[in-house]
Amino acid sequence: YVFSAKTSGELVCLEAGTGKQVWLTNTVTSSGNGSSIHLTVNGDSVLLFNDRGELIRARLTAQGYHQISRVALLAPTHSFGGRKVAWTPPAYANRHVFARNDEELICASLAVEP
């Protein structure tokens, strides 16, 4: 299976061999032109960073999207189409996430016990 974000804000699961859509969810971020979701595999889950500046941990399977947790990391500050977005993909290192907007760069621990 292939999991992919659409620029309209949906997250989809596709059959790798056929390209046939298995499921679609619009709960990861707001729907709209220019929406973004950055996906990073993290063990048996996936970290998703969306254009609202939220970091989500989820399990993605052929059966669907299963959100584990969600936290607002930083404010969306870039103006696009009458709304504010956070488009820059995050970086991960040593159990930390680094994310930035037009005003700040943050580092947050992903460790169970910081």
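That block above? That's the structure.
A.B. asks: Please set out the overall build of the protein chain residue by residue, giving values where relevant.
C.D. replies: Check the secondary structure of the protein chain and you find zero helices and twelve strands. Relative to its length of 114 residues, the protein chain is compact, with a C-alpha radius of gyration of 14 Å against a globular reference of 13 Å. Taking the principal axes of the C-alpha coordinates as reference, the protein chain spans close to 40 × 40 × 20 Å. Counting only residues that meet the buried cut, the protein chain has 35% of its 114 residues in that class. By sequence separation, contacts in the protein chain at least 24 residues apart represent 36% of the contacts at least 6 residues apart. Accessible surface computed for the protein chain: about 6,600 Å², of which carbon and sulfur atoms make up 52%. Each charge class in the protein chain was averaged separately, 10 positive and 9 negative side chains, and the resulting centres sit 4 Å apart.

A.B. asks: Any chance you could break down the pairing of strand 3 (residues 21-25) for me, citing the residues and the numbers?
C.D. replies: Examined bridge by bridge, strand 2 (residues 11-14) and strand 3 share four bridges and lie antiparallel to one another. Of the residues in strand 3, the one forming a bridge with Leu11 is Thr25.

A.B. asks: Residues and numbers for the side chain of Ser35, please.
C.D. replies: With respect to the secondary-structure elements, Ser35 resides in the loop between strand 3 and strand 4 (37-42). Take Ser35: its relative accessible area is 5%, and that puts it in the buried class. Within the structure, the side chain of Ser35 is placed 2.9 Å from the backbone oxygen of Gly32, a separation counted as a polar contact. Residues contacting Ser35, with those up to four places away along its chain left out, are Lys6, Thr7, Ser8, Gly9, Thr29, Ser30, Asp51 and Arg83.

A.B. asks: Residue-level account of the pairing of strand 12 (residues 105-109), with values.
C.D. replies: For a regular strand, side-chain orientation follows a simple rule: the groups alternate between the two sheet faces. Sheet analysis places strand 11 (residues 96-100) next to strand 12, joined by five bridges and oriented antiparallel. Bridging across to strand 12, Val97 finds its partner in Ala108. Here strand 11 hands over to strand 12 after four residues, the two strands then running antiparallel side by side.

A.B. asks: Go over unusual backbone geometry, please, and point to the residues and values.
C.D. replies: Phi is positive for Asn94, which is not a glycine, with a value near 50°. Locating Asn94 in the fold gives a position in the loop between strand 10 (91-93) and strand 11. With a phi close to 60°, Arg95 is a non-glycine residue in the positive phi region. Mapped onto the fold, Arg95 is located in the loop between strand 10 and strand 11.

A.B. asks: Which residues make up the sheet that holds strand 11, and what values do they have?
C.D. replies: Strand order in the open sheet formed by three strands is 10-11-12, and the pairing between neighbours is antiparallel. Single-partner strands in this sheet number two, and they are strand 10 and strand 12. The average angle at which neighbouring strand axes cross in this sheet is 20°, direction not considered.

Here is what the cut-offs are and how they apply
Residues numbered from 1 in each chain as written. Predicted model: local features only at pLDDT ≥ 70, side-chain atom pairs only at ≥ 80, totals over all residues. Heavy atoms only, no water. Helix = DSSP H or I, 4+ residues; strand = E, 2+ residues; numbered from the N terminus. Rg over C-alpha atoms; globule rule 2.2 N^0.38 Å. Buried < 20%, exposed > 50% of the residue type's maximum accessible area, 1.4 Å probe, protein only. Contact = heavy atoms within 4.5 Å. Areas by Shrake-Rupley, 256 points an atom, 1.4 Å probe, with all protein chains shown as cover. Lys, Arg positive; Asp, Glu negative; His and termini not counted. Charge placed at Lys NZ, Arg CZ, Asp CG, Glu CD. Pairing = 2+ DSSP bridges. Polar contact = N/O pair within 3.5 Å; in protein donor to acceptor, adjacent residues only side chain to side chain. Axes fitted to C-alpha atoms, helices over the stretch in contact; angles between N-to-C directions.

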